[in-house]
Amino acid sequence: MTAPSALAAPRARTSARDPWWRRLLGTQPLGLGMSLPYIVFLAVVMAYPLGYAVYISFFDYVFTAPGVHADHPFVGLSNYRAVLSDPRVLGSFANIAVFLVINVPLTVILSMVLASALNSLTRWTAAFRVAFYVPYVTASVSLIGVWMLMFSQDGLVNSILGPLAPDPSWLVNSHLAMPSIALFVTWKQLGFYVLLYLAALQNVPKELYESAQVDGAGAAKRFLHITVPGVRSTTLLVLILAIITGSNLFTEPYLLTNGGGPDGASASPVLLIYQKGIQQGNPDLASAIGVILVILVGLLSLISTRLTKED
């Protein structure tokens, strides 16, 4: 009999003798050609703006009218020193830290628990999925209007709490403004993450739950020892998406607290990027804040990957 290795077709490999176009495109140029539109999209929409922002952050840069030339002297790390010594910028990063501490654990825990509960239902499953997903696809402006009415001084929440209601109220309280925004974003984004976990739970074998139930494991033990390890890769995805979403917070503090109030207690780095770069005409400082934010998000994502890495 002929050995299987002798029957197998030799794998095509590129070498120095091949034409330059084959060395560039590889042995399967069709695949590269099909992915080329998305590569161009990423380069134009993501890579070029990020690279240009890094470039601007090292210069004394101002926007000018079309056809008008202005000198942009190199200033090195001066922009970074300026933003890192600005109390408002440091406060915005502290605000985002508060937001992430509240939002990320709540998002992961609630979405996993709700997805597990929905996965065990036999009736009305589609209706519950739609109910959870509706806030996510609803325009933020309309939801923010409802939220402001509920959490205003004379709103529904304070009426229910009565004498326990905070004074000043939630969204104008320097200690409660950012936690209130974190709760709003958690509620609004929850449906998307629930659907991610529902999709992941379809790949967890039901035989594991049946065997555990036969062995006497309760619902809590089945959840901790089967569901949680079974959706670990999805948990990593949810963590990274929640961190990126929270770090790019803009609409909620801009509308809910009138641009980061009270007194900057709910300002986010992205909101300051808009204010410094667009409203105040300092794109160099705004770019420096953006680069720092990208680095911090990358570090947090790396830490999340390490913490949820499978053994």
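Quick caveat, the model's predicted, so the values are computed rather than measured. All residue numbers here refer to positions counted from 1 along the written sequence of the relevant chain. Owing to the predicted nature of the model, reporting of local features is limited to residues with pLDDT of at least 70; listing and counting of side-chain atom pairs is limited to 80 or more, with chain, interface and lining totals taken over all residues. The basis for every side-chain value is the complete set of heavy atoms in the structure, and neither hydrogens nor water enter the calculation.

## Focus: the packing of helix H5 (residues 87–120) against helix H9 (residues 177–201)
Phase 1: Only the contacting stretch of a helix is used when fitting its axis, a line to C-alpha atoms as for every element, and angles between N-to-C directions run 0 to 180 degrees. Numbering goes from the N terminus for both helices and strands, where a helix is a DSSP run of H or I of at least four residues and a strand is a run of E of at least two. It is the contact of H5 with H9, at a shortest axis distance of 7 Å, that shows an interaxial angle of 35°. Seen along the crossing, H5 lies across H9 with a hand that is right-handed.
Phase 2: Looking at side-chain class alone, the contact of H5 with H9 contains 22 nonpolar, 7 polar and no charged residues. Should the near helix be turned anticlockwise from the far one by less than a right angle, the crossing is termed left-handed; should it be turned clockwise, right-handed. Following the grouping adopted for this structure description, the nonpolar residues are Ala, Val, Leu, Ile, Met, Phe, Trp, Tyr, Cys and Pro, the charged ones are Asp, Glu, Lys and Arg, and the polar ones are all others, Gly among them.

## Structural notes on the pattern of salt bridges
Phase 1: Counted as salt bridges are all cases of a side-chain nitrogen of Lys or Arg within 4 Å of a carboxyl oxygen of Asp or Glu. Under the criterion given, the structure shown has 1 salt bridge.
Phase 2: Close ionic contact of aspartate 86 with lysine 276 constitutes a salt bridge, the shortest N to O distance being 3.4 Å. Within this pair, whereas aspartate 86 is found in the loop between helix H4 (78–84) and H5, its partner lysine 276 is found in helix H14 (residues 269–279), the two being separated by 190 residues in sequence.

## What about the packing of aromatic side chains?
Phase 1: Aromatic rings from Phe, Tyr and Trp, with only the six-membered ring used for Trp, were paired whenever their centres fell within 6.5 Å, and each pair was classed as stacked if the ring planes differed by under 30 degrees, edge-to-face if by over 60, and tilted otherwise. In total, this model carries 19 aromatic pairs according to the counting rule given.
Phase 2: For the pair tryptophan 147 and phenylalanine 184, a centre-to-centre distance of 5.1 Å together with 70° between the ring planes defines the contact as edge-to-face. Here tryptophan 147, found in helix H7 (residues 140–150), pairs with phenylalanine 184, found in helix H9; they are 37 residues apart in sequence, far enough to count as distant.
Phase 3: Aromatic pair tyrosine 254 and tyrosine 274: ring centres 6.0 Å apart, planes at 85°, arrangement edge-to-face. Taken together, the positions of tyrosine 254 in helix H13 (residues 251–256) and tyrosine 274 in helix H14 put the pair 20 residues apart, joining distant regions of the chain.
Phase 4: Three labels apply to residues, based on accessible area from a 1.4 Å probe with only protein chains included: buried if under 20% of the type maximum, exposed if over 50%, partly exposed otherwise in between. What makes tyrosine 254 partly exposed here is its relative accessible area of 33%.
Phase 5: Its relative accessible area of 27% is what places tyrosine 274 among the partly exposed residues.

## Structural notes on the environment of valine 40
Phase 1: In this structure, valine 40 sits in helix H3 (residues 29–56).
Phase 2: Once the C-alpha coordinates of valine 40 and serine 301 are considered, the two residues, 261 residues apart in sequence, prove to be 25 Å apart.

## A short note on empty space enclosed by the protein
Phase 1: With a 1 Å grid spanning the protein atoms alone, the term cavity applies to any set of points in which a 1.4 Å probe fits but cannot get out, the term pocket to an open set with protein on both sides within 12 Å along at least five of seven lines, and the term lining residue to any residue with an atom within 4 Å of a point. Grid points are joined across faces, edges and corners, and a volume is the space filled by probe spheres set on the points. For the structure shown, the criterion picks out 1 cavity of 30 Å³ or more.
Phase 2: The computed volume of the largest cavity comes to approximately 30 Å³.
Phase 3: Taken together, Asn103, Thr107, Val185, Gln189, Tyr193, Ala242 and Thr245 make up the lining of the largest cavity.
Phase 4: Those elements that place two or more of their residues in the lining of the largest cavity are H5, H9 and helix H12 (232–247).
Phase 5: Looking at the lining of the largest cavity, its residues break down into 3 nonpolar, 4 polar and no charged.

## Overview of the side chain of serine 92
Phase 1: Secondary-structure assignment places serine 92 in helix H5.
Phase 2: Assessed through its relative accessible area of 0%, serine 92 is described here as buried.
Phase 3: For serine 92, the contacting residues outside a window of four places in its chain are Ala267, Ser268, Pro269 and Leu272. By definition, residues are in contact when any of their heavy atoms lie within 4.5 Å.

## Details of the confidence of the model for the protein
Phase 1: Across the protein, the average pLDDT comes to 85, with 90% of residues at or above 70.
Phase 2: pLDDT measures the predictor's confidence residue by residue and takes values from 0 up to 100. Per-element confidence in the protein ranges from a low mean pLDDT of 47 for helix H1 (residues 4–7) to a high of 94 for H4.
Phase 3: Scored below 50 in pLDDT, residues 4–11 makes 1 contact in the model with residues more than four places away or belonging to other chains.

## A few points about the layout of surface pockets
Phase 1: When its volume is computed, the largest pocket comes out at roughly 490 Å³.
Phase 2: Lining the largest pocket are 17 residues, and of these Pro49, Leu50, Ala53, Gly290 and Val294 lie nearest its centre.
Phase 3: Here the lining of the largest pocket gets 7 residues from one element, more than from any other, and that element is helix H15 (residues 283–307).
Phase 4: Class assignment of the residues belonging to the lining of the largest pocket gives a composition of 14 nonpolar, 3 polar and no charged.

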